[in-house]
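A closer look at the structure
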Amino acid sequence: MSDTTPQPTSADHSAAPAAAVDGQNIQETLANYESEVLAKCQADLADLQAKSAELADQYLRAKADVENARRRAEDEVAKSRKFALEGFADSLLPVIDSLEAGLAIKDAKLEQIREGAQATLRQLLSALERNKVVAVNPEPGSKFDPHQHQAISVVPSEHEANSVVTVLQKGYLISERVLRPALVTVSAPK
């Protein structure tokens, strides 16, 4: 009797273990790939967390800088308001000194009092000018300006209509803003 079952050849033996090795290599390759991807993702996550922390720190610092700048500006405004009159008051001190010196003279003659008053008035006007306080004293015949003048009455006059006839009280500007309008009489239309 002859054996009719096929006998495995050497080629058949090598095919089966190779397939098993290839399957194992694929699993190892996938496992390596997954671990590499996971490691890269973890590294990217760590980088992003570091950048996020850095940006959060920068934000907090910028916020603190803005808050400090706001606080300094508020302090400066408060100081400006508190000491706004310091320069003006300082320029008025010589006027006070002159008035006190004039009043200290017991037997002053009328002419001395007049000269002292005129000198003190010049000092006062100079102090006002240094602090940008300027008199508004329109000339008779000049055009009436409702922004700087206040008409007390309308009178017949040889001047053109709506012209200043007389100044009853000077006005004053402070830095080109009306502090007090000049009180004037205005010519009536003809």
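Heads up: the structure comes first, above all this text.
Presented here is a report on the structure given in the accompanying data block.

Conventions and cut-offs
Numbering of residues begins from 1 in every chain and follows the order in which that chain's sequence is written. Reporting of local features is limited, given that this is a predicted model, to residues whose pLDDT is at least 70; pairs of side-chain atoms are given and counted only at 80 or more, and all residues count toward the totals for whole chains, interfaces and linings. The basis for every side-chain value is the complete set of heavy atoms in the structure, and neither hydrogens nor water enter the calculation. Residues enter a nonpolar core if they are buried and are Ala, Val, Leu, Ile, Met, Phe, Trp, Tyr or Cys, with the set joined through side-chain atoms within 4.5 Å. When a residue's accessible area, from a 1.4 Å probe over protein chains only, is under 20% of the maximum for its type it is buried; when over 50% it is exposed; and in between it is partly exposed. In this description a helix means any DSSP run of H or I spanning at least four residues, a strand means any run of E spanning at least two, and both kinds are numbered starting from the N terminus. The criterion used for residue contact is that any of the two residues' heavy atoms lie within 4.5 Å. What a helix is expected to span follows from its residue count: subtract one and scale by 1.5 Å. Two axes define the bend at a residue: one fitted to the seven residues ending there, one fitted to the seven starting there, and the bend is the angle between them. A pair of strands is considered paired only if DSSP assigns at least 2 bridges between the two.

Before going further, it helps to spend a moment on the nonpolar core. Among the nonpolar cores identified, the biggest contains 6 residues, and these are Val-136, Val-164, Leu-173, Ala-182, Val-184 and Val-186. When residues of this core are assigned to their parent elements, the largest contribution, 3 residues, is made by strand β6 (residues 182-187). Beyond its immediate chain neighbours, meaning those up to four positions away, Val-164 contacts Pro-138, Glu-139, Pro-140, Gly-141, Ser-142, Lys-143, Phe-144, His-149, His-159, Val-184 and Thr-185.

In this model, helix α2 (residues 86-104) (19 residues) spans 27 Å end to end at C-alpha, consistent with the 27 Å of a helix rising 1.5 Å per residue. Along α2, the largest kink reaches about 30° and is centred on Leu-92; proline Pro-94 follows within four residues of it.

Our focus in this paragraph is the pairing of β6. Within β6, 5 of the 6 residues are buried, leaving the element largely enclosed by the surrounding structure. Sheet topology note: the strand β2 (residues 149-155)/β6 ladder contains 6 bridges and is parallel. The partner of Val-154 across the bridge, within β6, is Val-186. The sheet contact formed by strand β3 (residues 164-169) and β6 spans 4 bridges and is antiparallel. Within β6, the residue paired with Thr-166 across the bridge is Thr-185.

Geometry only, nothing functional implied.
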